[in-house]
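Now for the letters of each chain:
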Amino acid sequence: MKIKLNNLTIVTSSGLFKKNLLIEKGIIKQVSDKPIYAKFVDVAIDDKDLLVFPGFFDMHVHLREPGFEYREDIESGMKAAVNGGITGIACMANTNPVNDNAVITHFIKCRAEQTELPVSVYPVAAITKGLKGEQIVEMGDLKNAGAVAFSDDGSAVENSEILRRALEYAKSFDMPIICHSEEKSLSKDGQVNEGIISIKLGLKGIPRESEIIGIFRDITLAKLTKSRVHIAHVSTEEGVDLIRKAKRAGIYVTCETCPHYFHLTEEEVLGYNTFAKVNPPLRTYKDVLAIREGLRDGTIDVIASDHAPHHIDEKDIEFEKANFGMIGLETLLPLTLELVRQGVIDFKDLAEKLSRKPRQILGINPPVIKEGEEANLTIVDPNYKWVLTKESICSKSFNTPFLGKTMKGKAIYIIKGGQFFEINK
């Protein structure tokens, strides 16, 4: 396939450039300051309002297969990723059976390859067998099978000695540990952020100290072992500050947050809105501001969705019985673009946090837009307005508090693997 792109703005972590591209058989053959007049092209796009990014990457996704295919399967999750303009995802280990052995890792990779969709799937293996926090997995076997990191996400590794040994073991393979930082003795049976809202609703609260203590413990172990720790879904002001100080001290720690933590507050659960029930829970407006500042000053490295699909029967029930989590693959881009419009980050930051940095953390080569490189591109219309409806969602599930909201900005094309994909508007 031969593709010609003229007058589009290329956006990378380094800057914005008005360039023109010629792509043949999946390789970028020409990058020119002048319009390209190649003949006999299969696709020609000429639109000064469109942005070209290195393909986006979501490093925190729950695909649910094997075991929970009624919520999501690998193919439907990949379709949701395509609909969100995402060309690479890392999927968490809390499947059934748990991805704690090479057989499951291999299964996930094979199922993803069978779909022929323009999304690369990178399994994240468990830290401990069965996510029980008791026995470390065979990390070498899992790396050889294709795992890119280790995480018991959804369950914090409570035993600090086991986490220490896991960090030391992972270091020998140059792989990161992704920590779900939570002090479970404080958060046990909690439903929402502890505070005025939890009192109003009569629900057991999850104190912010649960995350703060968890992050402090995980950073301390990273310092002790000199290993790579990545803190998942940061939600508190104090958590951001701890990570900021750790980075200044030279501790090898990275972190991520999610759009719901920089757009929504705990008030979203008023009326017992189970679609807004997540863990860690939505926090206060002060925390939202702190998360935004962490993104602005570079403390927070990555924006990820924590895409967590659930069947409606697991959400449309009493709040205490409802599962934690919301979907997010298809809203990751527009909700992040909102930060650009508000001046919190710029387009370069968006390319860094949605494309380059998550891949770097996982040891994956990021796409490069230059001659001779493979084309892995997401083309975005930043001004396209659309409404998130059940019908527009490609995921099997629709558990999101953003349902019915007007979004601005959408990926409209993906170029990857020598193919051109037009995304349904």
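Predicted model, so just to flag it, every value in this text is computed and none were measured. (Residues numbered from 1 in each chain as written. Predicted model: local features only at pLDDT ≥ 70, side-chain atom pairs only at ≥ 80, totals over all residues. Heavy atoms only, no water.)

## Here's the deal with the packing of aromatic side chains
Thinking step 1. Following the criterion strictly, the structure yields seven aromatic pairs and no others.
Thinking step 2. Taking 5.0 Å as the distance between ring centres and 35 degrees as the angle between the ring planes, the aromatic pair formed by Tyr413 and Phe420 counts as tilted. This pair shows no difference in class: Tyr413 is buried, exactly as Phe420 is.
Thinking step 3. Pairwise contacts between aromatic rings join Phe53, Phe56 and Phe347 into one cluster. (Phe/Tyr/Trp six-rings, centres within 6.5 Å; stacked < 30°, edge-to-face > 60°. Buried < 20%, exposed > 50% of the residue type's maximum accessible area, 1.4 Å probe, protein only.)

## Side note on the pairing of strand 6 (residues 56-61)
Thinking step 1. In terms of residue burial, strand 6 counts as a mostly covered element, since six of its six residues are buried.
Thinking step 2. Where strand 6 lies against strand 7 (residues 86-91), four bridges are found, and the strand directions are parallel. Residue pairing for strand 7: Val61 is matched across the bridge by Cys91.
Thinking step 3. Following the backbone out of strand 6, through helix 1 (residues 74-83) and into the adjacent parallel strand 7, one traces a crossover that is right-handed. (Helix = DSSP H or I, 4+ residues; strand = E, 2+ residues; numbered from the N terminus. Pairing = 2+ DSSP bridges. Right-handed = clockwise from strand over helix to strand, strands pointing away.)

## A short note on the domain arrangement of the protein chain
Thinking step 1. Each domain of the protein chain was delimited in the assignment, giving domain 1 (2-52 + 370-385 + 406-422) and domain 2 (55-361).
Thinking step 2. Here the C-alpha centroids of domain 1 and domain 2 sit 30 Å apart.
Thinking step 3. Note on domain 1 versus domain 2: buried area summed over both sides is about 1,700 Å², and carbon and sulfur give 67% of it.
Thinking step 4. On the surface where domain 1 and domain 2 come into contact, there are zero salt bridges.
Thinking step 5. Where domain 1 packs against domain 2, one counts nine residue pairs in polar contact (both at pLDDT 80 or more).
Thinking step 6. If you list the elements that add at least two residues to the side of domain 1 that touches domain 2, you get strand 1 (2-12), strand 2 (15-24), strand 16 (376-387) and strand 17 (406-416).
Thinking step 7. Sort the elements by how many residues they give to the side of domain 1 that touches domain 2 and strand 17 lands first, with seven residues. (Domains from an automatic or database assignment. Buried area = accessible area lost by both parts, 1.4 Å probe. Salt bridge = Lys/Arg side-chain N within 4 Å of Asp/Glu carboxyl O. Polar contact = N/O pair within 3.5 Å; in protein donor to acceptor, adjacent residues only side chain to side chain.)

## Quick look at the environment of Thr299
Thinking step 1. Residue placement: Thr299 occurs in the loop between helix 10 (285-296) and strand 15 (302-303).
Thinking step 2. When the C-alpha positions of Thr299 and Val240 are compared, they lie 7.2 Å apart, and in sequence the two are 59 residues distant.
Thinking step 3. Ignoring any residue separated from it by four or fewer positions in sequence, one finds Thr299 in contact with Val240, Ile243, Arg244, Lys247, Cys255 and Gly294.
Thinking step 4. Among the polar contacts listed, one links the side chain of Thr299 to the side chain of Arg244, at a separation of 3.2 Å. (Contact = heavy atoms within 4.5 Å.)

## Some details on the packing of helix 7 (residues 208-225) against helix 8 (residues 237-248)
Thinking step 1. Contact geometry of helix 7 with helix 8 gives a least axis separation of 8 Å together with a crossing angle of 15 degrees. Here helix 8 runs roughly parallel to helix 7, going by the angle between their axes. Like other packed secondary-structure pairs, helix 7 and helix 8 cross with a definite hand, here right-handed. Counting all contacts with helix 7, which are made through Arg208, Ile212, Ile215, Phe216 and Ile219, the residues of helix 8 involved are Glu237, Glu238, Gly239, Leu242, Ile243 and Ala246. (Axes fitted to C-alpha atoms, helices over the stretch in contact; angles between N-to-C directions. Parallel < 35°, antiparallel > 145°, perpendicular 65-115°, else oblique. Left-handed = near helix turned anticlockwise from the far one by under 90°.)

## Observations regarding the nonpolar core
Thinking step 1. Core analysis: the biggest nonpolar cluster contains 73 residues, and Ile89, Phe150, Ile177, Ile231 and Leu350 have the highest contact counts within it.
Thinking step 2. Three or more residues apiece are contributed to this core by two domains, here domain 1 (2-52 + 370-385 + 406-422) and domain 2 (55-361).
Thinking step 3. Those residues in contact with Ile177 that lie beyond four places of it in its chain are Ile127, Met139, Phe150, Leu163, Ala166, Leu167, Ala170, Arg228, Val229 and His230.
Thinking step 4. Val192, Met326, Ile327 and Trp386 belong to the second largest nonpolar core, which has 20 residues in total. (Core = buried A, V, L, I, M, F, W, Y, C linked by side-chain atoms within 4.5 Å.)

## So, the packing of helix 1 against helix 2 (residues 102-115)
When two helices pack together, their arrangement is given by the angle between the helix axes and the distance between those axes.
Thinking step 1. For the pair helix 1 and helix 2, interaxial distance at closest approach is 9 Å and the crossing angle is 60 degrees. Classified by the angle their axes make, helix 1 and helix 2 are oblique. Like other packed secondary-structure pairs, helix 1 and helix 2 cross with a definite hand, here right-handed. Residues Ile74, Glu75 and Met78 of helix 1 lie in contact with helix 2, whose contacting residues are Ile108, Arg111, Ala112 and Thr115.

## Quick word on the sheet that holds strand 14 (residues 253-257)
Thinking step 1. Taken in spatial order, the eight strands of this open sheet run 6-7-8-9-10-13-14-15, and their pairing is parallel. A single partner strand is all that each edge strand has here, and the edge strands are strand 6 and strand 15.
Thinking step 2. Against the sheet, helix 2 makes contact with strand 7 and strand 8 (120-125), and its axis sits at roughly 165 degrees relative to strand 8, the strand it touches most.

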